[in-house]
Amino acid sequence: MFTASAQLNVTLICGPTDMRKAIDGLCNIVAYDLEKEPCSDHIFVFCGRARDKVKILQWASNGFWLHYKRLEKGHFQWPGIDDEQLSIQISPRQLNWLLDGLALNLQEAHPHLTYRYHDD
């Protein structure tokens, strides 16, 4: 299972991507369309036209990881399918929301809580 740590930089590719593309094809989108470095600390997230498949391209010091998820029912709440933007930056938490089937336009899933047992 893919989990996004809080330190990851997440770039979400807006609009549909051909899910037949493998690592080299996705790297070309990142390098030439987005003009970003695929071998960086960013992860790049792609979604298919039907919004039932997601691929995540991630560089790991000496090679690429290609994470893939296909939904058997339903679709991802993918932003930007009809937008002009090529990509947007999202937080790792928002990526987890998307992968869990939630929309990005939520303010928060649960409010952040700072709890203390004792007042000092």
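This is a predicted model, so every value here is computed, not measured.

Student: Honestly, the sheet that holds strand β1 (residues 9–13) in this entry has me stumped. Any pointers?
Tutor: On the basis of which strands lie adjacent, the open sheet formed by five strands has the order β4-β3-β2-β1-β5 and mixed pairing. The strands lining the two open edges of the sheet, one partner per strand, are β4 (64–70) and β5 (87–90). Going from strand to strand, the sheet's axes swing by 25° on average, the running direction of each strand aside. Relative to β5, β1 runs antiparallel, the two being bridged by four bridges. By the bridge assignment for β5, threonine 11 is matched with glutamine 89.

Student: Quick question: what am I supposed to make of the packing of aromatic side chains here?
Tutor: Each aromatic ring pair is described using two quantities: the centre-to-centre distance and the angle formed by the ring planes. Applying the stated rule across the entire model yields one aromatic pair. Centroid distance tryptophan 59 to phenylalanine 64: 4.9 Å. Interplanar angle 70°. Geometry classified as edge-to-face. You can call tryptophan 59 partly exposed: its relative accessible area is 27%.

Student: Whenever I open this one, helix α2 (residues 92–99) confuses me. Can you help?
Tutor: An α-helix turns once every 3.6 residues. As a result, residues three or four positions apart point the same way. By the burial criterion, the buried members of α2 are Pro92, Leu95, Trp97, Leu98 and Leu99. Against the buried residues of α2 lie β1, β2 (42–47), β3 (53–59), β4 and β5. Of the residues one or two after α2, glycine 101 is the one with positive phi, at around 95°.

Student: Explanation requested: the pairing of β2 in the structure shown.
Tutor: Remember that side chains alternate between the two faces of the sheet whenever the strand is regular. Most of β2 is tucked away, with six of its six residues classed as buried. Across the two faces of β2 the burial is the same, with His42, Phe44 and Phe46 and Ile43, Val45 and Cys47 all buried. Summarising the sheet, β1 and β2 pair through four bridges and their orientation is parallel. Paired with valine 10 across the bridge in β2 is isoleucine 43. In this region the chain leaves β1, passes through helix α1 (residues 23–33) and returns to the parallel neighbour β2; the handedness of that crossover is right-handed. Note that β2 and β3 share five bridges and pair antiparallel. Opposite valine 45, over in β3, you have isoleucine 56 as the bridge partner. Hairpin remark: β2 followed by β3, antiparallel, with five residues in the connecting loop; positive phi at arginine 51, about 60°.

The rules behind each value
Residues numbered from 1 in each chain as written. Predicted model: local features only at pLDDT ≥ 70, side-chain atom pairs only at ≥ 80, totals over all residues. Heavy atoms only, no water. Pairing = 2+ DSSP bridges. Helix = DSSP H or I, 4+ residues; strand = E, 2+ residues; numbered from the N terminus. Axes fitted to C-alpha atoms, helices over the stretch in contact; angles between N-to-C directions. Phe/Tyr/Trp six-rings, centres within 6.5 Å; stacked < 30°, edge-to-face > 60°. Buried < 20%, exposed > 50% of the residue type's maximum accessible area, 1.4 Å probe, protein only. Contact = heavy atoms within 4.5 Å. Right-handed = clockwise from strand over helix to strand, strands pointing away.

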